[in-house]
Amino acid sequence: MSSRLKNKRLSLIMLVMSLVVFLGGCANPNNPDGLMYRLTVEPIGQLIVWIADQFAGNYGIAIIIITIAIRIILLPLTLNQLKSATRQQIKMAAFQPYLKEIQERQKNATTQEEKMALATEQQEFMRENNVSMFGGMGCLPLLLQLPIISGLYTAIRVSEPIASSEFFGISLGESHMVLAVITIVMYLIQSFITLQGVPEEQKAQMRSTLFMTPVMMGFIVFTTPAGLTLYFLAGAIWSILQSLFTTFYFRPRIQAEVDKEMAENPIKVKKPSSGRKDVTDSVKKEPTNKRLTINDSKTNRNAGKQRK
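Fair warning: this is a prediction, and the values are worked out from it, not measured in the lab.

Participant: Describe the overall build of the protein chain, and please don't skip the residues or the numbers.
Facilitator: Across its full length, the protein chain carries eleven helices and two strands. Scanning the protein chain from its N terminus toward the C terminus, one meets helices and strands in the order α-α-α-α-α-α-β-β-α-α-α-α-α. By the burial criterion, 37% of the 308 residues in the protein chain qualify as buried. Expressed as a percentage of contacts within the protein chain between residues at least 6 apart in sequence, the contacts between residues at least 24 apart total 77%.

In structure tokens, the structure reads:
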């Protein structure tokens, strides 16, 4: 189960990276008449310039304000997915002993029929207890940000005022090594905080996929203008605050809700169905019993003849 979940998450991460490349191509600065350019690059560029004008031409502050505004708009959706993911983690921790027992029998299964029957049994267990193996993974907020990221990236490239401006001595139009490293460190901290309060068994499953985000950021921030890196850095700091809220306030509340729910609705466990091995054993026993019956009847006839 853990390998399937891990593959699912890795597939979603690869999808996000592919969409970044796709949208980056759609918002081509050499094609100002393109749909994505007109829908994202032009309005985002104008918005950055307008906000910067309110702060004495500080484009760094403008980018940070846009980042915070986007996160606030997405906050209801993000909290809803956080709640779903947290409930999922808590329930999976409670179900783990039952799932392990099924998985142990799957390892010991000797035929394909047994393995299929046990896979069905696991699916029925999950369905009976109203939990999805892949639920609450939370990529939608990032997917919704992709057009904005693409538009912001292109706007920084094509806008001379943005590209030529500085923020604390950092040129927003060029890549900046120190800013990139700080951004990656912030995402590492956010991943570490997210793992706190999670059961050890689930930490092993989550660790590799959570730390894929800093790795993915590394490929992006080392090659993009500092203006876009600043967007990711502000997003990482927001994510750290959000993870602190989730770990130390939100999760304990959901834990209490799930505990109460599971106390009122105990885990439903069906009696394991007999596998193919049991059926085979019963088939083998049947002809054996028949042969014993035949032999017994012959013995009885011979005994009768001797008495005569």
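Participant: Which residues make up the pattern of salt bridges, and what values do they have?
Facilitator: Per the stated rule, a full pass over the model turns up four salt bridges. Across the pair Glu 261 and Arg 87 runs a salt bridge whose closest N-O atoms are separated by 2.5 Å. Separated by 174 residues along the polypeptide, Glu 261 in helix H10 (residues 226-264) and Arg 87 in helix H3 (residues 59-108) bring together distant segments of the chain. For Glu 121, the salt bridge identified is with Arg 105, shortest N-O distance 2.5 Å. Placement of the pair is Glu 121 in helix H4 (residues 112-128) and Arg 105 in helix H3, with a sequence separation of 16 residues. By relative accessible area, which is 14% here, Glu 121 ends up buried. Sharing partners across several salt bridges, the network here consists of Arg 87, Lys 91 and Glu 261.

Participant: Talk me through the nonpolar core; I want residue IDs and the actual numbers.
Facilitator: Counting residues in hydrophobic clusters, the biggest one holds 36 residues, and the most contacted among them are Ile 48, Ile 63, Leu 152, Leu 228, Tyr 231 and Phe 232. Elements that contribute at least two residues to this core include exactly helix H2 (35-54), H3, helix H5 (140-158), helix H7 (177-195), helix H9 (212-221) and H10. Dropping the residues within four chain positions of it, Tyr 231 is found in contact with Ile 63, Thr 67, Ile 70, Gln 145, Ile 149 and Leu 152.

Participant: Mind laying out H3, listing which residues take part and the relevant values?
Facilitator: Helix length check: H3 (50 residues) gives 62 Å between terminal C-alpha atoms against 74 Å at 1.5 Å per residue, more than 12% under. The largest bend in H3 amounts to roughly 55° and is located at Leu 75, with the proline Pro 76 lying one to four residues further along. Two to three positions downstream of the cap, the backbone nitrogen of Gly 60 sits 3.1 Å from a side-chain oxygen, assigning the N-cap of H3 to Asn 58.

Participant: Requested: an account of the environment of Ile 72, with residues and values cited.
Facilitator: Summarising the element assignment, Ile 72 is placed in helix H3. The spacing of Ile 72 and Trp 238 is 166 residues in sequence and 10.0 Å in space, taken between C-alpha atoms.

Participant: Go over the confidence of the model for the protein chain, please, and point to the residues and values.
Facilitator: The predicted structure's coordinates, where accompanied by low pLDDT, should not be read in detail. With 69% of its residues at a pLDDT of at least 70, the protein chain reaches an overall mean of 74. In the predicted structure, residues 21-27 sits below a pLDDT of 50 and forms 13 contacts with residues beyond four places in sequence or in another chain. Between residues 274-308, whose pLDDT stays under 50, and residues either more than four places distant or in other chains, the model counts four contacts.

Participant: Give a description of the packing of aromatic side chains that names residues and reports values.
Facilitator: Applying the stated criterion across every chain, the model contains six aromatic pairs. Members of the aromatic cluster, connected to one another through ring pairs, are Phe 95, Tyr 98 and Phe 125.

Participant: So what about a nonpolar patch on the surface? Which residues, and what values?
Facilitator: On the surface, a nonpolar cluster with roughly 580 Å² of combined accessible area is contributed by Met 177, Val 178, Val 181, Ile 182, Val 185, Ile 189 and Phe 222. Inspection of the secondary structure puts Val 178 in helix H7.

Participant: Summarise the packing of H3 against H4; cite the residues concerned and give the values.
Facilitator: Where H3 contacts H4, the two axes come as close as 9 Å, and the packing angle between them is 170°. When the axis of H3 is compared with that of H4, the two are roughly antiparallel. Only Lys 115, Leu 118, Ala 119, Glu 121, Gln 122, Phe 125 and Met 126 of H4 make contact with H3, whose side of the interface consists of Met 92, Phe 95, Tyr 98, Leu 99, Ile 102, Gln 103, Arg 105 and Gln 106. In terms of residue class, the contact of H3 with H4 is built from nine nonpolar, three polar and three charged.

Participant: So what's going on with the environment of Gln 196? Which residues, and what values?
Facilitator: Along the polypeptide, Gln 196 turns up in the loop between H7 and helix H8 (200-210). On the basis of relative accessible area, Gln 196 is assigned to the partly exposed category, the value being 26%. Sequence spacing of Gln 196 and Leu 244 is 48 residues, and the spatial spacing of their C-alpha atoms is 9.4 Å.

Participant: Describe the environment of Phe 168, listing the residues and the values that go with them.
Facilitator: Along the chain, Phe 168 turns up in the loop between strand E1 (166-167) and strand E2 (170-171). Taking C-alpha positions, Phe 168 is 8.6 Å from Gly 60, a pair spaced 108 residues apart along the chain.

Participant: Residue-level account of unusual backbone geometry, with values.
Facilitator: Non-glycine residue Ala 56 carries a positive phi angle of around 55°. Relative to the assigned elements, Ala 56 resides in the loop between H2 and H3. On the basis of relative accessible area, Ala 56 is assigned to the exposed category, the value being 80%. In this model, Phe 168 sits at a positive phi of 55°, which is unusual for a non-glycine residue.

The rules behind each value
Residues numbered from 1 in each chain as written. Predicted model: local features only at pLDDT ≥ 70, side-chain atom pairs only at ≥ 80, totals over all residues. Heavy atoms only, no water. Helix = DSSP H or I, 4+ residues; strand = E, 2+ residues; numbered from the N terminus. Buried < 20%, exposed > 50% of the residue type's maximum accessible area, 1.4 Å probe, protein only. Contact = heavy atoms within 4.5 Å. Salt bridge = Lys/Arg side-chain N within 4 Å of Asp/Glu carboxyl O. Core = buried A, V, L, I, M, F, W, Y, C linked by side-chain atoms within 4.5 Å. Expected span 1.5 Å × (residues − 1). Bend = angle between axes of the 7 residues up to and from the residue. Polar contact = N/O pair within 3.5 Å; in protein donor to acceptor, adjacent residues only side chain to side chain. pLDDT = per-residue confidence, 0-100. Phe/Tyr/Trp six-rings, centres within 6.5 Å; stacked < 30°, edge-to-face > 60°. Patch = residues over 30% accessible without salt bridge, like charges linked within 9 Å, V, L, I, M, F, W, Y side chains within 5 Å. Areas by Shrake-Rupley, 256 points an atom, 1.4 Å probe, with all protein chains shown as cover. Axes fitted to C-alpha atoms, helices over the stretch in contact; angles between N-to-C directions. Parallel < 35°, antiparallel > 145°, perpendicular 65-115°, else oblique. Nonpolar A, V, L, I, M, F, W, Y, C, P; charged D, E, K, R; others polar.

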